[in-house]
Every structure is written in C-alpha cells, then in structure tokens.
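# Descriptive analysis of the structure
Here are the chains, one letter per residue:
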Amino acid sequence: MRVKEVVREAILEDIGRGDLFSLVSDRRLVEAKVIAKEDGIFSGKLYIKELGEMEHLEIEFLKYDGNPIHKGDIICYVRGTANTVLMYERVILNIMQHCSGISTNTASFVELVKDYNVKLLDTRKTRPGLRVMEKYAVRCGGGTNHRLGLDDCLMLKDTHLAAIDDLHKFIKISRKRIPYTSKIEIECESVEATYTAMSAGADLIMCDNMETPDIMKVVEYRNKNYPHVLIEASGNVDKTNIVAFAQTGVDAISSGSLIHKAVWLDFSMRIEHK
C-alpha cells in the first residue's frame, strides 16, 4: 500500500464521521510539539509529512528518518488550528511509535552483526495492509528488505517442494516463464537438500532452521562449487544467536522478529497556544 493510502486509511479509521471536538472548538491557532519519551531510532517522517500535506498542517521536523533520538528530544512541531491538530494527534503518534519501534529493534540487531559482511533481512511476516510501511521502518533502522511479495522472487518453500516431483525440471521450466530479472530461492532444511538445490540452478539458498555447523558446511560447498549462489540463514533468529549465524559466512540473515517482535517507541504530544 502506498504512503498516501496508508495515511488516508488511518485517518478514516480514527475520525469516522468526524471529530466531535471540532463541533465546539473555537479554532484557535496552536503549536504542538512531539516529544520522545525514550531512546531509539526515529522513523515515520515520510508518512507524517504526507499527512501534513494532505490535511494542511504545518509540520516542522527536527529529527529525520534513521536519526538516533533520546528521551526528551523534540521530534517535530505541528502547527494549525486546535481542532485540526488534535484531530490528527493519535494518527501522528501511532505512525511514529509503530515505525520507530521497528527501526529501533532493527538497529539493535544490526549493531550485533556490524563487524560481519552480512545483510540483515526482514520477511513477509507483516501486518496486513502495512507491509510497505513496516519494511520502510526496517530500512530506517539499517536493515535490508527481503522480497515485498510473491511477485518479485520465486521462493520455493517446503510446502512448494512437496508439490514438485522433479526440482531440476521445475526450475528449467520456471526460467522460461518468470521474468528474466527474477531470482529463484529455495528453502532447505538439510545440507543434502542445499546440494540438490544448487545443482538444480537456484540463485539463493535459504538454510532454514539448520544448525550453524551444518550451515558452515553449506557455505564451504558453495564457495568451492557454486560461488555465484547466495546463502541465507533463517529460522528462530534472535539476539542470542544472530552472531553465531553471522560467523558461518552466510551472505544474509533473515528474521521476522525485526517487525513482529518490535515494541512501539513512546512519544507524546504537548499543545501550546500561539
């Protein structure tokens, strides 16, 4: 979903048929400031800027997507009539808190593997309708996006493989039917399965729920026989084991917890009369 569509849906959800406060507000001009209540990585500006343009709010940002923030920092000033500012207060805060929570969580993972030549990837475990926004927040935290959907990479997971009789034949046919620029990734749960997938012509191998010694064997075999193939580690990756995965020599590590285990960052809005 595009930025404007996400913002519009959020507004419609919160306002409904209209903010009742606007029926009695005297429409005085106010200035509000959004304040960080804890440390983290800020993100959400892209969406809040769009909201301001759509609803004619003047928003002055002091922090930008990807910036580190600290408790007490002023993130932005929001200026307009009282009824307008207050009408969009919760939407503004929800977007900032959601995005910044994901960015902060992602940054903590990135910090752990910064000394290794490995990319940290997200997954498709996202909230319905919010995938683009959540993956944007991952980028703001220093992570890298995996595929956005089923249309940009052919990934064959265990459920797909169960419906394929001849993997070599299937990949040969796939090369003729999928776009020329699309890659083929195969999920493997054993060392032997990775060997088969590489020989069948996979571009990427996902070592799913494999022990690190086995992943090291896969990397060594790839280096000797299929140096063009990329290796991804996945499955129950968290902060306690991500370094061990990074030390195996894989090209990338994917983790759904970057998004679905993220905790919202806390912000508040304070109103002042102009």
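The structure under discussion appears in the preceding block.
Residues numbered from 1 in each chain as written. Predicted model: local features only at pLDDT ≥ 70, side-chain atom pairs only at ≥ 80, totals over all residues. Heavy atoms only, no water.

## Details of the overall build of the protein chain
From N to C terminus, the protein chain includes 11 helices and 12 strands. The proportion of buried residues among the 274 residues of the protein chain is 48%. Taking as baseline every contact in the protein chain between residues at least 6 positions apart, the subset at least 24 positions apart corresponds to 70%. For the protein chain, the computed accessible surface area is about 14400 Å², with 51% contributed by carbon and sulfur atoms. (Helix = DSSP H or I, 4+ residues; strand = E, 2+ residues; numbered from the N terminus. Buried < 20%, exposed > 50% of the residue type's maximum accessible area, 1.4 Å probe, protein only. Contact = heavy atoms within 4.5 Å. Areas by Shrake-Rupley, 256 points an atom, 1.4 Å probe, with all protein chains shown as cover.)

## Some thoughts on the packing of helix H2 (residues 45-55) against helix H4 (residues 89-112)
Relative orientation of the contacting elements H2 and H4 amounts to 160°, with a least axis distance of 9 Å. Relative to H4, the element H2 lies roughly antiparallel. Both H2 and H4 take part in a crossing whose hand is right-handed. Here Tyr47, Ile48 and Leu51 of H2 come into contact with H4, specifically with Val91, Ile92, Ile95 and Met96. Each residue belonging to the contact of H2 with H4 can be placed in one class, and the counts come to 7 nonpolar, no polar and no charged. (Axes fitted to C-alpha atoms, helices over the stretch in contact; angles between N-to-C directions. Parallel < 35°, antiparallel > 145°, perpendicular 65-115°, else oblique. Left-handed = near helix turned anticlockwise from the far one by under 90°. Nonpolar A, V, L, I, M, F, W, Y, C, P; charged D, E, K, R; others polar.)

## What about the packing of aromatic side chains?
Tallied over the entire structure, the rule returns 4 aromatic pairs. Between phenylalanine 42 and phenylalanine 267, the aromatic rings sit 6.3 Å apart at their centres with planes inclined by 80°, giving edge-to-face as the arrangement. With a gap of 225 residues between them, phenylalanine 42 in the loop between strand S2 (40-41) and H2 and phenylalanine 267 in strand S12 (residues 267-273) connect regions that are remote in the sequence. Pair check on accessibility: phenylalanine 42 and phenylalanine 267 agree, each one buried. (Phe/Tyr/Trp six-rings, centres within 6.5 Å; stacked < 30°, edge-to-face > 60°.)

## Side note on empty space enclosed by the protein
Counted by the stated rule, this structure contains 1 cavity of 30 Å³ or more. If you add up the space inside the largest cavity, you get close to 30 Å³. Considering the residues around the largest cavity, the lining is formed by Gln97, His98, Gly101, Ile102, Arg127, Ile259, Ala262, Val263 and Trp264. Ranked by residues supplied to the lining of the largest cavity, first place goes to H4 with 4 residues. (1 Å grid on protein atoms, 1.4 Å probe; cavity = no way out; pocket = protein on both sides within 12 Å on 5 of 7 lines; lining within 4 Å. Points joined across faces, edges and corners; volume = space filled by probe spheres on them.)

## Re the pattern of salt bridges
Side chains that carry opposite charge are capable of pairing whenever their charged atoms lie near each other. Across all of its chains, the model carries 15 salt bridges by this definition. The closest approach of N and O atoms between glutamate 187 and lysine 157, which form a salt bridge, is 3.0 Å. You can see glutamate 187 sitting in strand S8 (residues 184-188) and its partner lysine 157 sitting in the loop between strand S7 (154-156) and helix H6 (158-161), a full 30 residues away along the chain. The network of salt bridges with shared partners includes Glu31, Glu58, Glu60 and Arg79. (Salt bridge = Lys/Arg side-chain N within 4 Å of Asp/Glu carboxyl O.)

## Overview of the sheet that holds strand S11 (residues 252-254)
Spatial ordering of the open sheet is given by S6-S11-S10-S9-S8-S7, a layout of 6 strands whose pairing is parallel. Each of the sheet's edge strands pairs with one partner strand only, and the pair in question is strand S6 (119-121) and S7. Taking the axes of each pair of neighbouring strands and ignoring which way they run, one obtains an average angle of 25° across the sheet. Judged from the 3 bridges that link them, S7 and S8 form a sheet pairing that is parallel. Opposite leucine 156, over in S8, you have isoleucine 186 as the bridge partner. (Pairing = 2+ DSSP bridges.)

## Topic: the layout of surface pockets
The space that makes up the largest pocket amounts to roughly 540 Å³. At the level of secondary structure, the elements contributing two or more residues to the lining of the largest pocket comprise H4, strand S9 (204-208), strand S10 (230-234) and helix H11 (257-260).

## Some points on the environment of glycine 129
Note that glycine 129 resides in the loop between S6 and helix H5 (131-140). Overall, glycine 129 belongs to the partly exposed group, its relative accessible area being 40%. A C-alpha to C-alpha distance of 9.6 Å links glycine 129 and glutamate 9, two positions 120 residues apart in sequence.

## A closer look at H2
Think of an α-helix as turning once every 3.6 residues; residues three or four places apart then point the same way. Those residues of H2 lying buried are Lys45, Tyr47, Ile48, Glu50, Leu51 and Gly52. Next to the buried residues of H2 lie helix H1 (3-15), strand S3 (58-61), H4 and H5.

## Observations regarding the nonpolar core
In this structure, Val78, Met96, Ile186, Ile205, Ile231, Ile253 and Phe267 are the most contacted members of the largest nonpolar core, which totals 73 residues. Of the residues forming this core, the biggest block, 8 residues, is contributed by H4. Residues in contact with methionine 96, not counting those within four places in the same chain, are Val34, Phe42, Ser43, Ile48, Phe61, Ile75, Cys76 and Phe267. (Core = buried A, V, L, I, M, F, W, Y, C linked by side-chain atoms within 4.5 Å.)

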